[in-house]
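# What the coordinates show
Chain residues, written in single-letter form:
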Amino acid sequence: MTPITLLTVPTAGPADVRALTALTAAGHRAADVVAVIGKTEGNGCVNDFSRTLAAAVWEPLLPEAAVTVFSGGTEGVLSPHVNLFVRDETRHPGFDRGLVAAAGRTRALDPAEIGRPAQVAAVAETVGKLVSELGVAAADVHFVLVKCPLLTSAKIAALRVAGLEPVCEDTYESMGRSRAASALGIAVALGECDTGTAAAALAGTAEVSSARASASAGAELDDCHVLVVAESAAAANPLRALHGEMADALDLAAVTALLDEVARRGGTVRQIFAKAEADPSGAVRGHRHTMLTDSDVNATRHARAAVGGLLAALKGDGAIYVSGGAEHQGRPGGGSITVVYELPEVRR
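Residues numbered from 1 in each chain as written. Predicted model: local features only at pLDDT ≥ 70, side-chain atom pairs only at ≥ 80, totals over all residues. Heavy atoms only, no water.

### A word on the side chain of Lys 155
In this structure, Lys 155 sits in helix H4 (residues 153-161). Engagement of the side chain of Lys 155 in a polar contact is seen with the side chain of Asp 222, the distance being 3.0 Å. Among all residues touching Lys 155, those that are not within four sequence positions of it are Pro 111, Leu 150, Leu 221 and Asp 222. (Helix = DSSP H or I, 4+ residues; strand = E, 2+ residues; numbered from the N terminus. Polar contact = N/O pair within 3.5 Å; in protein donor to acceptor, adjacent residues only side chain to side chain. Contact = heavy atoms within 4.5 Å.)

Spelled out as structure tokens, the structure:
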């Protein structure tokens, strides 16, 4: 069980690690970091090397057990930043509950396994292990974040030389296939579906939606980095979380319902983590959209900008985590959303 605090720090670029200064100023050490979750200003697509650069500079500075998850794409008003999930075992007076987190990695995935049931199983195993380590029930989990690998042209070519078929031929499509498998692995681990239903969903013959899953794909890793965030009665800190899902990119009501509940509890929003995607039907509330037919700008970039603008207006700043591509992460055309908030300290 690892009680945590959360620091959100703006960055000047993908190689900016000055958040460590803020970490030290807050009385913590790099050795206390459980995970670094960041938004970088690349294109968020296959060739987004801003993610690679950020991971390369951060990982040598962190404990071996920590994970990094960098999501590319800060379109519109989204602002580059990092979120540091930091071990903090301070027991705050007046609190009998708090936020906890655990991080881990799956085994390295063979390229032939990406987007297939083997990836679902690997993610489910790791998520299940982390939930067990936290000592919480699945119902206490509010957020599971996965960074997963994708298929590069070289990996696809190597598979073909070996007489194997990749899950798809297009590298960009492989991002979605990998995100889908990761999200379904989360759903299996949290008891939201069984392995048979997950396999059917992966094949497109069943629908599974997890409001607690957030997956993004990148070329900078071969395994899956996993972060599980939950509430636990074994901790005593002021951080809490709520999760839900947006029905579409315009679903202001779903977000305000979460924020209203935070306000009702007397809390202050610390961070918002959301998924966004272009509605696969080609329309939003009966009106045609062009996100899926734009040959100049990828659909995930449009979706991040749209949802990012909505959420930033509500939070009051653009340093929020919005990730594109929401396969099985919330309902189609919408996306999962988790709000981390802080309750006021009890005065004595």
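### A short note on the packing of aromatic side chains
Applying the stated criterion to the full structure yields three aromatic pairs. The interplanar angle of 35 degrees and the centroid separation of 4.8 Å between the aromatic rings of Phe 143 and Phe 273 together place this pair among those described as tilted. Within this pair, whereas Phe 143 is found in strand S6 (residues 141-149), its partner Phe 273 is found in strand S10 (residues 268-276), the two being separated by 130 residues in sequence. Given a relative accessible area of 4%, Phe 143 falls into the buried group. Here a set of aromatic residues connected by ring pairs shows up, and it is made of Phe 85, Phe 143, Phe 273 and Tyr 321. One cation-aromatic arrangement involves Lys 39 over Tyr 321; the distance from NZ or CZ to the ring centre is 5.8 Å. (Phe/Tyr/Trp six-rings, centres within 6.5 Å; stacked < 30°, edge-to-face > 60°. Buried < 20%, exposed > 50% of the residue type's maximum accessible area, 1.4 Å probe, protein only. Lys NZ or Arg CZ within 6 Å of the ring centre and 35° of its normal.)

### A look at the UniProt feature "site: Important for substrate specificity" (unreviewed entry) in the chain
When the UniProt feature table is mapped onto this chain, "site: Important for substrate specificity" (unreviewed entry) is found at Thr 300. By the element assignment, Thr 300 lies in helix H8 (residues 299-315). Look past the residues within four positions of Thr 300 in its chain and what remains in contact with it is Tyr 172, Arg 179, Gly 324 and Gly 325. (UniProt positions renumbered as here; feature names shortened; annotations may be inferred.)

### Section: the nonpolar core
Across soluble globular proteins, nonpolar side chains have a tendency to be buried as a group. By size, the foremost hydrophobic cluster in this structure holds 28 residues, and its most contacted members are Val 127, Val 141, Val 144, Val 146, Ile 186 and Val 228. Of all the secondary structure elements, the ones that give two or more residues to this core are strand S5 (98-105), helix H3 (117-134), S6, helix H5 (171-189), strand S7 (213-218) and strand S8 (225-232). Per-element accounting of this core gives the leading share, six residues, to H3. (Core = buried A, V, L, I, M, F, W, Y, C linked by side-chain atoms within 4.5 Å.)

### Some points on H4
Listing the buried residues of H4 in full gives Lys 155, Ile 156 and Leu 159. Taken around the axis of H4, the buried residues stretch over an arc of 100 degrees, which confines them to a single face. Summarising the geometry of H4, the exposed residues directed more than 90 degrees from the buried face are Ser 153, Ala 154 and Val 161. Buried residues along H4 sit against H5. (Arc of directions from axis to C-beta.)

### Quick look at the side chain of Arg 212
Positionally, Arg 212 belongs in the loop between helix H6 (195-202) and S7. Its relative accessible area of 9% is what places Arg 212 among the buried residues. Of note is the side chain of Arg 212, whose polar atom sits 2.5 Å from the backbone oxygen of Ala 138. With sequence-adjacent residues up to four places away left out, Arg 212 is seen in contact with Ala 138, Ala 139, Val 141, His 142, Phe 143, Val 144, Leu 190, Glu 192, His 243 and Ser 336.

### Remarks on H8
A rise of 1.5 Å per residue sets the reference length of H8, with its 17 residues, at 24 Å; its end C-alpha atoms lie 24 Å apart and thus fit the reference within 8%. Along H8, the residues classified as buried are Ala 299, Thr 300, Ala 303, Arg 304, Val 307, Gly 308, Leu 310, Leu 311 and Ala 312. Just downstream of H8 lies Gly 316, where phi reads positive at about 100 degrees. (Expected span 1.5 Å × (residues − 1).)

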